[in-house]
Amino acid sequence: MASVTVRGWVLGSVSLLNFAFVFISGADFIRFVSFRAIYHNITGETALCQDSVPWSVALRDRSVLGSLVVDLGLLLLFIAQHSLLAWSPVKRALQSVLGVLNRTAYCFTTGLALQVLMRYWQPVTGAPCLWAVRHAPWSIWFPLLCFSLHFLCWAVICSLLIVFDYPELMGIKQVYYDCLGLGDPLSHKSPQAQRLLSHLRHPVCLELGVVLWLLPALSLDRLLLAGALSGYLALAHSLDRRDLDFLCLQFRTKVQLLSDGQQDDHKGE
């Protein structure tokens, strides 16, 4: 009994420490991909690009090409980690070794890959921007609009992750269920929900697309980041009509439960 308790404490501590690391990595990613670029555009703290340099010169500049090669390698590292560890044969192999910590390990390596990407990302400042809003009054209002929309998108993303069972997504629920002898949390979900999660593990495609592309200025390295992640998101998910029907049914059910709860509150008054 004592060994079971110790095992539970160890597994729980590992999963909670991993949650803290992934949460911090997620906050760093929001700053990196969203608010830092908008802040620099508003303050002019760092030159994002050189519009005076012709494209023909910029694309032959070794510093520009070197930065793009490094950034492409970092993106390929992240995509390889995210895809390889989600591949069924690798998942089964890791499951046999790590057990209930399999999902925890996946989230940890994802956070680690993001930290490496953010730490070693090379901004391309020696090439023109693909677009830049520089003329008043839009040079002030458009960054503020981008900030507001980015904030809204991140709020929606966080809400969707909670709705999609965030503890299970982070691997905490797997450890909790194992300690209680309840098995895999996914086995307690309906077949329709399991099918949906197999096709749409991260329900953030539209919102993340807005965050990646809606900026006051689009530099060459940001084009690479936005294009690579948008393409990966588009290829990684395969929703079909049955998934959409299930999502619509769940949405109507939630709305009905909410309206019923409000009616009950009014009756109680």
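Up top you'll find the structure we're talking about.
Overview of the structure.

The rules we used
- Residues numbered from 1 in each chain as written.
- Predicted model: local features only at pLDDT ≥ 70, side-chain atom pairs only at ≥ 80, totals over all residues.
- Heavy atoms only, no water.
- Helix = DSSP H or I, 4+ residues; strand = E, 2+ residues; numbered from the N terminus.
- Buried < 20%, exposed > 50% of the residue type's maximum accessible area, 1.4 Å probe, protein only.
- Contact = heavy atoms within 4.5 Å.
- Areas by Shrake-Rupley, 256 points an atom, 1.4 Å probe, with all protein chains shown as cover.
- Expected span 1.5 Å × (residues − 1).
- Core = buried A, V, L, I, M, F, W, Y, C linked by side-chain atoms within 4.5 Å.
- Axes fitted to C-alpha atoms, helices over the stretch in contact; angles between N-to-C directions.
- Parallel < 35°, antiparallel > 145°, perpendicular 65-115°, else oblique.
- Left-handed = near helix turned anticlockwise from the far one by under 90°.
- Nonpolar A, V, L, I, M, F, W, Y, C, P; charged D, E, K, R; others polar.
- Polar contact = N/O pair within 3.5 Å; in protein donor to acceptor, adjacent residues only side chain to side chain.
- Phe/Tyr/Trp six-rings, centres within 6.5 Å; stacked < 30°, edge-to-face > 60°.
- Lys NZ or Arg CZ within 6 Å of the ring centre and 35° of its normal.

Looking only at helices and strands, one finds twelve helices and two strands in the protein chain. Listed N to C, the secondary structure of the protein chain is α-α-α-α-α-β-α-α-α-α-α-β-α-α in terms of helices and strands. In the protein chain, buried positions account for 35% of the 269 residues. Pairs at least 24 residues apart make up 84% of the contacts formed inside the protein chain by residues separated by at least 6 positions. When the accessible surface of the protein chain is totalled, it reaches about 15,900 Å², and 69% of it is carbon and sulfur.

Let us look at the side chain of Q81. Take Q81: it is sitting in helix α3 (residues 62-84). Given a relative accessible area of 10%, Q81 falls into the buried group. For Q81, the contacting residues outside a window of four places in its chain are Y106, T109, T110 and A113.

Here we take up α3. Residues spaced three or four apart along an α-helix face the same direction, because each turn holds 3.6 residues. With 23 residues, α3 ought to run about 33 Å at 1.5 Å a step, and its terminal C-alpha atoms sit 32 Å apart, in line with that. By the burial criterion, the buried members of α3 are V64, S67, L68, D71, L74, L75, F78, I79, Q81 and H82. Where α3 is buried, its residues meet α2 (55-58), α5 (102-120) and α11 (220-236).

Our focus in this paragraph is the nonpolar core. The nonpolar side chains of a soluble globular protein tend to be buried, and buried together. In terms of nonpolar packing, the biggest core is built from 26 residues, with F29, F32, V33, L117 and W154 touching the most fellow members. Every element with two or more residues in this core is listed here: α1 (2-43), α3, α5, α6 (138-163), α10 (205-213) and α11. Considering every element that reaches this core, the biggest residue donor is α11, with five residues. When residues no more than four places from it in sequence are discounted, the contact partners of V33 are W154, V211, L212, R222 and L225. A58, V64, L68 and A127 belong to the second-largest nonpolar core, a separate cluster that totals six residues.

This next bit is on the environment of R134. Here R134 is to be found in the loop between β1 (131-132) and α6. With 83 residues separating them in the primary sequence, R134 and A217 have C-alpha atoms 8.7 Å apart. In contact with R134, not counting residues within four places along its chain, are C49, D51, C129 and S139.

This part is about the packing of α3 against α11. Direction vectors running N to C along α3 and α11 enclose 20°, while the axes themselves pass 10 Å from each other. Between α3 and α11, the interaxial angle falls into the category roughly parallel. The two elements α3 and α11 meet at a crossing, and its hand is right-handed. Contacts between α3 and α11 involve V64, L68, D71, L72, L75, F78, I79, H82 and S83 on the former and, on the latter, L220, D221, L224, L225, A228, L229 and Y232. Residues belonging to the contact of α3 with α11 are distributed by class as follows: twelve nonpolar, two polar and two charged.

Structurally, the position occupied by S219 is in the loop between β2 (217-218) and α11. In this structure S219 comes out as buried when scored by relative accessible area, which is 9%. For the pair formed by S219 and W131, sequence separation is 88 residues and the distance between their alpha carbons is 7.7 Å. Once you skip the residues sitting within four places of it in the chain, S219 turns out to touch L48, V124, C129 and L130.

As a further point, take the environment of S25. Structurally, the position occupied by S25 is in helix α1. Taking the C-alpha atoms as reference points, S25 and T110, 85 residues apart in sequence, are found 9.1 Å from one another. Among residues more than four places away in sequence, those in contact with S25 are G111, Q115 and M118. There is a polar contact of 3.1 Å between the side chain of S25 and the side chain of Q115.

The next point concerns the packing of aromatic side chains. The full count for this structure, using the stated rule, is six aromatic pairs. Ring centres of F29 and W154 lie 6.5 Å apart, and the angle between their planes is 85°; on these two criteria the pair is classed as edge-to-face. With F29 in helix α1 and W154 in helix α6, the pair connects residues that are 125 residues apart, well separated along the chain. A centroid spacing of 6.1 Å and a plane angle of 80° characterise the contact between F32 and W121, whose relative ring orientation is edge-to-face. In this pair, F32 is assigned in helix α1 and W121 in the loop between α5 and β1, connecting sequence segments 89 residues apart. Its relative accessible area of 6% is what places F32 among the buried residues. With a relative accessible area of 8%, W121 lands in the buried category. Positioned above the aromatic ring of Y120, the side-chain terminus of R119 is 5.2 Å from the ring centre.

None of this, on its own, says anything about what the molecule does.
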